[in-house]
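Residues per chain, in single letters:
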Amino acid sequence: MYIAIVIVGLVAITLILHFASPWWLTPLASNWSSIDTTIEISFWITGAVFIAVNLFLAWTVWRYRHNKNRRSHYEPENKKLEIWLTALTTVGVVAMLTPGLIVWAKVVHVPDDAMEVEANGQQWQWTFRFPGDDGVLGAANARFVSNDNRFGLDPSDPSGADDILVEHHRLHLPVDQPVKLVLRSNDVLHNFAVPQFRVKMDLVPGTQTYQWFTPTREGTFDVLCEELCGLAHYTMKGQVQVEPEQDFETWLATYPTFNDVQSGNGIDLAAGEAAYQSCAGCHGANGQGNPALNAPNLTRLESRYMARQLRHYRNNIRGTAREDSPGQTMVAIARGIDPNTEADLLAYIETLDAVDVDGTLVGDIANGQRLYGACAACHGTGGEGKVLLSAPALAGQSDLYLKRQLEHFSMGWRGKHPEDQFGTQMRLMTRTIHSPERLRDLLAYIATL
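Residues numbered from 1 in each chain as written. Predicted model: local features only at pLDDT ≥ 70, side-chain atom pairs only at ≥ 80, totals over all residues. Heavy atoms only, no water.

1. Focus: unusual backbone geometry
Here the amide bond leading from Q123 into W124 is cis, since omega sits at -10 degrees, within 30 degrees of zero. Residue position: W124 is located in the loop between β1 (115-122) and β2 (125-130). Its identity is not glycine, yet R198 carries a phi of approximately 75 degrees, on the positive side. Its location among the elements puts R198 in the loop between β6 (190-193) and β7 (200-203). In this structure R198 comes out as buried when scored by relative accessible area, which is 14%. With phi around 60 degrees, S390 is a residue other than glycine that occupies positive phi space. Considering the arrangement of structural elements, one finds S390 in the loop between α10 (365-379) and α11 (399-411). With relative accessibility at 12%, the residue S390 sits in the buried group. (Helix = DSSP H or I, 4+ residues; strand = E, 2+ residues; numbered from the N terminus. Buried < 20%, exposed > 50% of the residue type's maximum accessible area, 1.4 Å probe, protein only.)

2. Considerations on the packing of aromatic side chains
In this structure the tally under the stated criterion is 12 aromatic pairs. Connected via pairs of aromatic rings, a cluster forms that spans F130, F248, W251 and Y255. Above the ring of Y64, the side-chain terminus of R63 is found at 5.1 Å from the ring centroid. It is K180 that lies over the ring of Y210; its NZ or CZ is 5.1 Å from the centre. (Phe/Tyr/Trp six-rings, centres within 6.5 Å; stacked < 30°, edge-to-face > 60°. Lys NZ or Arg CZ within 6 Å of the ring centre and 35° of its normal.)

3. Structural notes on the environment of G412
Tracing the backbone through its elements, the reader meets G412 in the loop between α11 and α12 (421-429). Residue class for G412 comes out buried when judged on its relative accessible area of 15%.

Shown next, in the form of structure tokens:
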């Protein structure tokens, strides 16, 4: 008797928690309301079966409870009952599958007027590509990926020359415009999912997949990778910003084409050397840096990384914390650099001979090596950095500078701005350090690389 009451009570509590739960589907922001309908149908059918089965179980426990004056009746077969159960199960399965098949038929058929966009995934970042004036995306393949061709476009395909390359984690889309999202991976299995759009699809290495949707509501929505794509895959986040057509066109016009990236501009090393004189006061004549001034060793940094940091300083993405006085100094310096000579400046810095800065911190190197395993995926086993992952080199850098930056990340003085994708990832990764002792161990090991 008590067991029957407990079963009925569990059913009642489950229903109360379900309807009182705040965790419902996120507000819809696309045309896929039919997917919500399919989910709701599945919930109602499975919910009805859950209630019926458990109430039947409770009734059975009560009805056939132990009675010493009653003997059990053995009935190995009941064809009438089996027919009813088979028929009801078939109806339930068909009722759940049919709406999903109808929706899937719509998911795989892209409207003719859909705008085509490519989403490219690689550990642990998203980039995007739009067709140029010809309206055709050029051929691409992971085997073409290099430091100078990060999207892996086929240089021999003329259709790709005018493709617009968006090397940023935020994708802008016009509202009420159907979009076909072509999905491609440069390394491992990823998944492109925006909960508010209701559609998701895997990015499979070596092939292309796709999904389509029509954004119906303006706003900014998170892009999630819903596949375990490696260590710290939860940091692989992006955003979709849905906005009016005019704002979208203005945003798209700010990005270069593949031809622009490949051709580049003529570099004037003499102009770069002249521009560097304003940097030498902190970073040294040879670019070796100055830990006392929190000035990093520039000879170990790649030009793309330095360009991104200068852009972050200029746009108040980095160096805004009141406690970060060296960062505030760099804000003023970055804004004073002539945009026309910045490429010359960075090219000149890359001509400087690499300098190693000796470590000063003492720690448990063996423990630091173990801790560095979480860093090696992006920064390389030898601390050499990985250009394609936008991860700077750590080897040869001042341990005091690295210590200060990791502290800034952990305290939210750096990497908090929504435009700083990689800084946000670093803020999450600093949580694995936990203590000053572990930080010293880690930096002591990095100094040996």
